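# Close look at the chain arrangement
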Amino acid sequence: VSERARALDAADPLARFRGEFVVGDPDLLYLDGNSLGRLPRRAIARLGRLIEAEWGERLIRGWGEGWMEAPRRLGTKVARLLGVGADDVLVADSTSVNLFKLVVAALRARPERRTVVTDALMFPSDLYVIQGALDLLGGDRRLVVVPSADGLTVPTGALAAAVDRDTALVALCHTAFKSSFVYDLDEVTALAHRSGAWMLWDVCHSVGAMPLALAAAEADLAVGCGYKYLNGGPGAPAFLYVRPELQDRLRNPIQGWLGHGAPFDFDSAYVPAPGIQRFLAGTPPVLSLAALEPGLDLLLEAGLDRIRAKSVALTELLIAGWEAELAPLGYALSSPRGSARRGSHVSLGHAEGWRINRALLEELRLIGDFRAPDNIRLGVAPLYTTFAEVDEAVARLARAVRDRLYEKYPAERPTIT
Ligand SMILES: Cc1ncc(COP(=O)(O)O)c(C=O)c1O
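Values in this document were obtained by computation on a predicted structure and should not be read as measured data. (Residues numbered from 1 in each chain as written. Predicted model: local features only at pLDDT ≥ 70, side-chain atom pairs only at ≥ 80, totals over all residues. Heavy atoms only, no water.)

### Looking at the overall build of the protein chain
Across its full length, the protein chain carries 12 helices and 13 strands. Against the globule reference of 22 Å for 417 residues, the protein chain gives a C-alpha radius of gyration of 22 Å, in line with a compact fold. Summarising its shape, the C-alpha atoms of the protein chain cover approximately 70 × 60 × 40 Å along the three principal directions. By residue count, 56% of the 417 residues in the protein chain fall in the buried class. Considering only contacts within the protein chain whose residues lie at least 6 apart along the sequence, 73% involve residues at least 24 apart. (Helix = DSSP H or I, 4+ residues; strand = E, 2+ residues; numbered from the N terminus. Rg over C-alpha atoms; globule rule 2.2 N^0.38 Å. Buried < 20%, exposed > 50% of the residue type's maximum accessible area, 1.4 Å probe, protein only. Contact = heavy atoms within 4.5 Å.)

Structure, rendered in structure tokens:
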């Protein structure tokens, strides 16, 4: 490990947080990009208590003792991560379902506008969901996808050219899942508003890795997931945000009972609840919500400014290692060079990316992830990633190519990568 990495770890104000997570094997480098955060130790205790004392002993009474409020209560914590009001976030469903609810609601509220503008860096599932919503609502509504010339970024000017008075909604990933490109939240939101369009941000790859100020940017809608930097566990519930002024104007297309104003009246007519509550559909997943809460608390304890500062320092160290050792071995930097426009992961392209990633996984004990066609995506999570790990990762990425370790792996890819 280099002097630089050692010094950075010694001076790291967040160092104590690593001990809050299960790190079974310190030699296994976990730089997954970041599709699934590590397990917080507190989640083990919290779930144990919930299962035994609440589910086991309190049984159905648990619903009156806090379970029912969990989507709103956790929403107040996620709100602090998003920089929005405490009453404007719900933790519920998956990102895809939340996106569907908000896109349909927004399009129905503005029938005179026909397009949704997005870009080619968008997470493909989001494109599928938006396209499905447009098909469902019909008319001559359509999706406009702004291309990316370099596959890494989209210039604001290209977006501006696509947004006009026919645009109902601009929907973008704040941090691009593949390249890690980060949009300027204020600038792009203002750009949408200049044409009277609403702005929806997917913050899956941003939330918990950097401070967000969605209210100050006047963003209208947002969605994001709980299993990446929030460390909520596999399939953790996602969240949605609706700007307060819009909450009572929008209707949740999934008119489930828990978004009803009086669900326990069991009335046959649907009357939406006031405020954010109407975006709930069915029964909250109490165990999964409980598993998510410790991860939220850890982020709030650590502070997002410190998290972002460490994230930038980690990715800078990785890029310095790329420049010195990996570029000569055929690795390309497939993420923005400037940290202001880069999230908490770095993508390295290599013609043998898929086979290198196999070698990393199977014999070099480095878990990153592979994103087609050639990206090895390496995520750093400031609560538990160390500078020494980043240094060691660079050494292993170099070995995979220098020692030709990838050559023994086949080029075919399985279905889940
Ligand atoms: C940016 C982004 N948006 C949306 C999704 C889909 O999320 P979900 O599977 O929770 O619906 C993902 C999943 O990884 C994602 O990375």
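### Concerning the nonpolar core
In this structure, Leu82, Trp201, Phe239 and Leu383 are the most contacted members of the largest nonpolar core, which totals 59 residues. Among the elements that take part in this core, helix 9 (residues 286–302) stands out by supplying 7 residues, more than any other. (Core = buried A, V, L, I, M, F, W, Y, C linked by side-chain atoms within 4.5 Å.)

### A word on helix 11 (residues 353–362)
The buried fraction of helix 11 is high, at 8 of 10 residues. Every buried residue belonging to helix 11 is among Gly353, Trp354, Arg355, Ile356, Asn357, Arg358, Ala359 and Leu360, and all of these are buried. Of the surrounding elements, those touching the buried residues of helix 11 are strand 11 (366–367), strand 12 (369–371), strand 13 (375–379) and helix 12 (387–402).

### Considering the packing of aromatic side chains
All told, the structure shown has 9 aromatic pairs when counted by the stated rule. Note on Trp257 and Phe264: the rings are 5.2 Å apart at their centroids and 65° apart in plane angle, and the pair reads as edge-to-face. Put simply, the rings of Phe181, Tyr183 and Trp201 pair up and form one aromatic cluster. Geometry around Phe17 places Arg16 over its ring, the cationic atom sitting 4.1 Å from the centre. Of note, Arg110 hangs over the ring of Trp198, and the distance from its end group to the ring centre comes to 4.3 Å. (Phe/Tyr/Trp six-rings, centres within 6.5 Å; stacked < 30°, edge-to-face > 60°. Lys NZ or Arg CZ within 6 Å of the ring centre and 35° of its normal.)

### Re the sheet that holds strand 9 (residues 332–333)
Overall, antiparallel pairing links the 4 strands, which are arranged 9-10-13-12 in an open sheet. Here the strands that pair on one side only, and so sit at the sheet edges, are strand 9 and strand 12. For strand 12 and strand 13, the ladder comprises 3 bridges, and the chain directions are antiparallel. Counterpart to Arg371 in the pairing with strand 13 is Asn375. Each of strand 9, strand 10 (345–349) and strand 13 is contacted by helix 10 (residues 304–326), which is oriented at about 20° to strand 10, the strand it contacts most. (Pairing = 2+ DSSP bridges. Axes fitted to C-alpha atoms, helices over the stretch in contact; angles between N-to-C directions.)

### Digging into unusual backbone geometry
Only a minority of non-glycine residues have a phi that is not negative, and only a minority of peptide bonds are not trans. In this structure, the amide linkage connecting Ala372 to the following residue, Pro373, adopts the cis form with an omega of 5°. Here Pro373 shows up in the loop between strand 12 and strand 13. Even without being glycine, Ser180 reaches a positive phi, approximately 80°. Along the chain, Ser180 turns up in the loop between strand 5 (167–173) and helix 7 (185–194).

### Description of the packing of helix 9 against helix 10
Two numbers describe how helix 9 lies on helix 10: the axes approach to 6 Å, and their chain directions differ by 85°. It follows from the interaxial angle that helix 9 and helix 10 lie roughly perpendicular. Where helix 9 approaches helix 10, its residues Leu299, Glu301 and Ala302 are matched on the opposing element by Leu304, Arg306 and Ile307. Grouping the constituent residues of the contact of helix 9 with helix 10 by class yields 4 nonpolar, no polar and 2 charged. (Parallel < 35°, antiparallel > 145°, perpendicular 65-115°, else oblique. Nonpolar A, V, L, I, M, F, W, Y, C, P; charged D, E, K, R; others polar.)

### A few points about the layout of surface pockets
Roughly 290 Å³ of volume is contained in the largest pocket. Forming the boundary of the largest pocket are 20 residues, of which Thr95, Phe123, Cys204, Tyr227 and Lys228 lie nearest the centre. The residue inventory of the lining of the largest pocket, partitioned by class, reads 7 nonpolar, 8 polar and 5 charged. (1 Å grid on protein atoms, 1.4 Å probe; cavity = no way out; pocket = protein on both sides within 12 Å on 5 of 7 lines; lining within 4 Å. Points joined across faces, edges and corners; volume = space filled by probe spheres on them.)

### Some remarks on the side chain of Ser347
Within the secondary structure layout, Ser347 lies in strand 10. Classification of Ser347 as buried rests on a relative accessible area of 0%. Within polar-contact distance, the side chain of Ser347 engages the backbone oxygen of Lys178 at 2.5 Å. Not counting residues up to four positions away in its chain, the partners in contact with Ser347 are Lys178, Ala332, Leu333, Ser334, Ser335, Asn375, Ile376 and Arg377. (Polar contact = N/O pair within 3.5 Å; in protein donor to acceptor, adjacent residues only side chain to side chain.)

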